[in-house]
Amino acid sequence: SFNIGDYISHTKHLSDMEDLAYRRLLDLYYLHEQPLNEDVTLVARKINMKGNEPEVQIVLEEFFTLEVGKGWINLKTQEERESTTNRNCFERNYF
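This one's a predicted model, so the numbers in the text were calculated from it and none came from an experiment.

1. Quick look at helix H4 (residues 53–63)
Part 1 of the argument: Buried within H4 we find Val56, Val59, Leu60 and Phe63. Seen end-on, H4 carries its buried residues on one side only, within an arc spanning 100°. With respect to the buried face of H4, the exposed residues turned more than 90 degrees away are Pro54 and Glu61.
Part 2 of the argument: Contact partners of the buried residues in H4: helix H1 (4–11), helix H2 (16–32), helix H3 (40–46) and strand S2 (71–73).

Following this line, the structure appears as structure tokens:
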């Protein structure tokens, strides 16, 4: 889940365009629950930031990990998703 305090503490150094790119990248990542495409130009277009590929690239390199053949992974989001899935499975089986 989105935590505004964590977000601000980790992104206060970003330019306005980098911040916008990061927020949109996270939204896209949460929405589709899969790695982002390896092609930065395609990713920039998907988040409506065509022409801002340098900012998108900076954010991807800082906050995501590129897994060749899979795409850009956000490890924090991935861990949160797995934790939520495990908790939901436990609650379903326990209650």
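2. A look at the nonpolar core
In globular proteins that are soluble, nonpolar side chains generally tend to be buried together.
Part 1 of the argument: Counting 21 residues, the largest nonpolar core has Tyr22, Leu25, Leu36, Val56, Leu60 and Phe64 as the members making the most contacts within it.
Part 2 of the argument: Only H2, H3, H4 and S2 provide two or more residues apiece to this core.
Part 3 of the argument: The leading source of residues in this core is H2, at six residues.
Part 4 of the argument: Those residues in contact with Val56 that sit more than four places away from it in its chain are Ala21, Leu25, Val40, Val43, Ala44, Ile47 and Met49.

3. As for the environment of Glu61
Part 1 of the argument: You can see Glu61 is positioned in helix H4.
Part 2 of the argument: Distance from Glu61 to Trp72, taken between C-alpha atoms, is 8.9 Å for residues 11 residues apart in sequence.
Part 3 of the argument: One polar contact links Glu61 to Gln57, side chain to side chain, over a distance of 2.5 Å.

4. Some words on the packing of aromatic side chains
Part 1 of the argument: Evaluated as defined, the whole model comprises four aromatic pairs.
Part 2 of the argument: On the numbers, 5.6 Å between centres and 10° between planes, the contact of Tyr7 with Tyr22 is stacked. Of this pair, Tyr7 sits in helix H1 while Tyr22 sits in helix H2, placing them 15 residues apart in sequence.
Part 3 of the argument: On the numbers, 4.1 Å between centres and 20° between planes, the contact of Tyr22 with Phe63 is stacked.

5. Quick notes on a nonpolar patch on the surface
Part 1 of the argument: Together, Phe2, Ile4 and Ile8 make up an exposed nonpolar region whose accessible area comes to about 290 Å².
Part 2 of the argument: Positionally, Ile4 belongs in helix H1.

6. What about H2?
Part 1 of the argument: Its 17 residues place the ends of H2 24 Å apart at the C-alpha level, agreeing with the 24 Å of an ideal helix rising 1.5 Å per residue.
Part 2 of the argument: Along H2, the residues that are buried comprise Glu18, Ala21, Tyr22, Leu25, Leu26, Leu28 and Tyr29. Down the axis of H2, the buried set is contained in an arc of 165°. They therefore lie on one face. Away from the buried face of H2 by more than 90 degrees, exposed residues Asp16 and Leu31 are located.
Part 3 of the argument: In the segment just after H2, Glu33 is the residue with positive phi, at about 50°.

Cut-offs applied
- Residues numbered from 1 in each chain as written.
- Predicted model: local features only at pLDDT ≥ 70, side-chain atom pairs only at ≥ 80, totals over all residues.
- Heavy atoms only, no water.
- Buried < 20%, exposed > 50% of the residue type's maximum accessible area, 1.4 Å probe, protein only.
- Helix = DSSP H or I, 4+ residues; strand = E, 2+ residues; numbered from the N terminus.
- Arc of directions from axis to C-beta.
- Contact = heavy atoms within 4.5 Å.
- Core = buried A, V, L, I, M, F, W, Y, C linked by side-chain atoms within 4.5 Å.
- Polar contact = N/O pair within 3.5 Å; in protein donor to acceptor, adjacent residues only side chain to side chain.
- Phe/Tyr/Trp six-rings, centres within 6.5 Å; stacked < 30°, edge-to-face > 60°.
- Patch = residues over 30% accessible without salt bridge, like charges linked within 9 Å, V, L, I, M, F, W, Y side chains within 5 Å.
- Areas by Shrake-Rupley, 256 points an atom, 1.4 Å probe, with all protein chains shown as cover.
- Salt bridge = Lys/Arg side-chain N within 4 Å of Asp/Glu carboxyl O.
- Expected span 1.5 Å × (residues − 1).

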